[in-house]
Amino acid sequence: GQMSQLRPLLSVVEQYRLDLQTLATLRMELLNLSIILTGIQEEVGAYDYEELQQRVLLLETRLHSCMNKLGTC
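So, a few notes on the structure that sits alongside this text. (Residues numbered from 1 in each chain as written. Predicted model: local features only at pLDDT ≥ 70, side-chain atom pairs only at ≥ 80, totals over all residues. Heavy atoms only, no water.)

## Quick notes on the overall build of the protein
Rules: Labels follow the DSSP assignment, with helices taken as runs of H or I lasting at least four residues and strands as runs of E lasting at least two, numbered in each case from the N terminus. Each residue's exposure class comes from its accessible area (1.4 Å probe, protein chains only) as a fraction of the maximum for that residue type: buried when under 20%, exposed when over 50%, partly exposed otherwise. Per-residue and other accessible areas follow the Shrake-Rupley method at a 1.4 Å probe size, with only the shown protein chains counted as cover for residues. Positive charge is attributed to Lys and Arg, negative charge to Asp and Glu, and no charge count is given to His or to the chain ends. A charged residue contributes its charge at one atom only: NZ of Lys, CZ of Arg, CG of Asp or CD of Glu.
Looking only at helices and strands, the protein features two helices and zero strands. For the protein, the spread of C-alpha atoms along the three principal axes comes to 80 × 35 × 10 Å. Within the protein, buried positions represent 0% of all 73 residues. A total of about 7000 Å² of accessible surface is found on the protein, and carbon and sulfur atoms cover 64% of it. In the protein, which carries 6 positive and 9 negative side-chain charges, the distance between the mean positions of the two groups comes to 11 Å.

## A few points about the pattern of salt bridges
Opposite charge on two side chains lets them pair, provided their charged atoms get close. For the record, the criterion: By definition, a salt bridge exists where a carboxyl oxygen of Asp or Glu is found within 4 Å of a side-chain nitrogen of Lys or Arg.
Following the criterion strictly, the structure yields one salt bridge and no others. Residue Glu-14 pairs with Arg-17 through a salt bridge whose shortest N-O separation is 2.6 Å. You can see Glu-14 and its partner Arg-17 sitting in helix α1 (residues 2-45), three residues apart, about one turn around the helix. Judged by its relative accessible area of 39%, Arg-17 is partly exposed.

## Some words on helix α2 (residues 49-70)
Just so we agree on the cut-off: How far a helix is expected to stretch is found by multiplying one less than its residue total by 1.5 Å.
Taking 1.5 Å of rise per residue, 22 residues should cover 32 Å, and α2 covers 31 Å from first to last C-alpha, within 8% of that figure. Gly-71, located one to two residues past α2, shows a positive phi value of around 75°.

## Overview of α1
Convention followed: Given a residue, its bend is the angle between the two axes fitted to the seven residues that end at it and to the seven that start from it.
For α1, which comprises 44 residues, the first-to-last C-alpha distance of 63 Å matches the rise-based estimate of 64 Å (1.5 Å per residue) to within 8%. The largest bend in α1 is about 30°, located at Pro-8.

## Quick word on a nonpolar patch on the surface
The cut-off we apply is this: A patch consists of residues whose relative accessible area exceeds 30% and which take part in no salt bridge; residues with like charges are grouped when within 9 Å of each other, and nonpolar side chains (Val, Leu, Ile, Met, Phe, Trp, Tyr) when within 5 Å.
Among the surface-exposed residues, Leu-30, Leu-33, Ile-36, Leu-37, Ile-40 and Val-44 lie close enough to one another that they form a single nonpolar patch of about 560 Å² accessible area. Summarising the element assignment, Leu-33 is placed in helix α1.

## Describing the environment of Leu-70
Secondary-structure assignment places Leu-70 in helix α2. Along the sequence, Leu-70 and Leu-20 sit 50 residues apart, while their C-alpha atoms lie 54 Å from each other.

The values are spatial; any link to function lies outside them.
Here it is as structure tokens:
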């Protein structure tokens, strides 16, 4: 009698275990994302706004040059 009463509880415990595994996976993914974003922030933070703008302009110039060579511009 008591075993039949515990069966619904076992499915709840199993679902709880699966939910904990999912949460642990999400936590690791968030940690990895945080590390990646911190790296990007440090890399971008190494340049001031004017330097970044100059790099963008240089890349745009190179892109237009390549497009002209390909005849797409």
